[in-house]
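# Breakdown of the fold
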Amino acid sequence: MPAKNKGETSKAKAGETKQQAPPQSSQPRTVRELAWQRYWTANPLQKIVEEKGYGSLSPTDKRTYLSLNLARNTQEVEQLSKKGQRELWKQLSDANVPLRSAVRPKDDQWGRDKDGRDIGDYTLEEFAAYEQKKLRLNHLRLESRLFETDRAWATSELTDSLTGKVYTLSEGDIEAEKKRREEMALLNEELYGTTVGSFAKDPEWDDVIPIPLAEPEGALAVIAYPEDYAEAMSYLRAVMAVKEHTPRCLRLTERIIDMNPSHYTVWLYRFDIVKALNIPIPDELLWLNEVSLEHLKNYQIWNHRQLLMDLYYPTLESDKAALTELAKSEHSFLAEMLRKDTKNYHVWSYRQYLVQKLELWDWPDEIQSIESMIDEDVRNNSAWSHRFFLVFSNPAQTTAGSHATEHDPKVPESIIDREISYTQDKINMAPQNQSPWNYLRGVLVKGGRPLQTVREFVEGFATDLGEEEGKERVRSSHALDLLADIYKEAGEKEKADLCLRRLAEKWDRIREGYWSYRRRLLDG
């Protein structure tokens, strides 16, 4: 056995110098400095050799240095005789040097943190905090594994041999695991820079193996999806592959729609889930209203709404009161949408669908709503278009399948007279507004009436045409356009040509080429 150290009171043999003490070092500030301090403390002679060379050691220190290196090599010590070993240990004991050496620090032994910083350069306080986080993460991982074990037992309905009770997992246990995973994700991010997706943090999705997007090899343009979106889509592919229709899948579609409301496939999958779970359509419509107000220009929203209405309508078809309430609810929401965007094409398209589906052709609220919108903005061409649809597609007073640009003898004369009068009133309000002029042409076509019917009215918007400068008065270039067709219809080509020429020369010069083309058609 090695001889015990005699302590600092031991004396060197007579005639030998005392062991050279290593220079005092400053207080270590970093992990690296502390490791080197510990190493040099355990190897004081090695420090002298490396800094000043072996020749700087005294004869006694040289002998101690060599003996110490020998003692630290177990195999070489065992080759010594028993007497030699005793003398070796006695010499080292008298020299009072550490027999065990600390591990020599390596430049890369601590590694680097998520930012590329060498952990060896951490201050002692930073390193202590770093290690504390690692300990906390390991503890949370252990608890999470225990949760997984408990869940497996609860799923298998195993019985506790001590209590005789079946293992169960409470909502509190699940919530605790969610919070645990949130903390683990945060620690992983802080320690290693690794991001844990929100689904991976949710125990509810542990049984799903996500299917990531497989980009073709050598793709010219790989889309850089955000990590949270890519993760959600990978879980969507997995549940769609097995045709799962559950509440968690419904929440998944809601989440993806929030990130990408134009994802057509997600909307179709959501509709299948709504049907499978028999979710009340009014509840789905309430959710859809919020999404619609947030994404005004989205088409898929309105396609989904139409699918819902097709699914819902048969359940209410025989209940007139319920249909009326539905019409009022939808009408109110559409009005809110159009207040935000009066010319939203998707909203107007759905409105036409709704009129047909719920047979709202003669519903007073529908007609009054359109007239109010035109009163508020007589230039709202979308409102004019919808009015034309209401009047000239109404099955009670029109021919089924009649084209918008062809005469329909079924339309009552009183309707034609009413629409002409209504349109003329609006033209007088804003003569340069093209919408009512186009509407007027459409009414005349539907009624099978010649353009001459409104000649006197139209001529009132263009007087002294072609007269000297300052005398000619034109209140509407659209009136001149219509007058040209009126005169052409009447065979008065010179007057028609004059209208088109004045449009090209003065009243609509930006389309001079078009008006010149129209003039050439007169000769044809």
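As shown above, the structure is provided for reference.
The present account deals with the structure reproduced in this document. (Residues numbered from 1 in each chain as written. Predicted model: local features only at pLDDT ≥ 70, side-chain atom pairs only at ≥ 80, totals over all residues. Heavy atoms only, no water.)

Time to look at empty space enclosed by the protein. One pass over the full model with this rule turns up 1 cavity of 30 Å³ or more. Empty space within the largest cavity amounts to approximately 40 Å³. Looking at the largest cavity, the residues that line it are Ala-327, His-331, Leu-334, Arg-351, Leu-354, Leu-360, Trp-363 and Glu-366. Elements supplying a minimum of two residues to the lining of the largest cavity: helix 13 (320-340) and helix 14 (345-358). Examining the composition of the lining of the largest cavity, we find that 3 residues originate from one element, helix 13, more than from any other. A class-by-class count of the residues in the lining of the largest cavity yields 5 nonpolar, 1 polar and 2 charged. (1 Å grid on protein atoms, 1.4 Å probe; cavity = no way out; pocket = protein on both sides within 12 Å on 5 of 7 lines; lining within 4 Å. Points joined across faces, edges and corners; volume = space filled by probe spheres on them. Helix = DSSP H or I, 4+ residues; strand = E, 2+ residues; numbered from the N terminus. Nonpolar A, V, L, I, M, F, W, Y, C, P; charged D, E, K, R; others polar.)

Quick look at the packing of helix 9 (residues 247-259) against helix 10 (residues 264-277) now. Two quantities define a packed helix pair, namely the angle between the helix axes and the distance between the axes. Direction vectors running N to C along helix 9 and helix 10 enclose 150 degrees, while the axes themselves pass 10 Å from each other. As judged from the angle between their axes, helix 9 and helix 10 are roughly antiparallel. Here helix 9 runs over helix 10; the crossing is left-handed. Contact residues: Pro-247, Cys-249, Leu-250, Thr-253, Glu-254, Ile-256 and Ile-257 in helix 9; Val-266, Trp-267, Tyr-269, Arg-270, Ile-273, Val-274 and Leu-277 in helix 10. Residues that form the contact of helix 9 with helix 10 fall into these classes: 11 nonpolar, 1 polar and 2 charged. (Axes fitted to C-alpha atoms, helices over the stretch in contact; angles between N-to-C directions. Parallel < 35°, antiparallel > 145°, perpendicular 65-115°, else oblique. Left-handed = near helix turned anticlockwise from the far one by under 90°. Contact = heavy atoms within 4.5 Å.)

Contact geometry of helix 8 (residues 227-241) with helix 9 gives a least axis separation of 10 Å together with a crossing angle of 145 degrees. Helix 8 and helix 9 meet at a crossing whose hand is left-handed. Touching Asp-228, Tyr-229, Ala-232, Met-233, Tyr-235, Leu-236 and Val-239 of helix 8 are Cys-249, Leu-252, Ile-256 and Met-259, all from helix 9. Of the residues in the contact of helix 8 with helix 9, the class split is 10 nonpolar, no polar and 1 charged.

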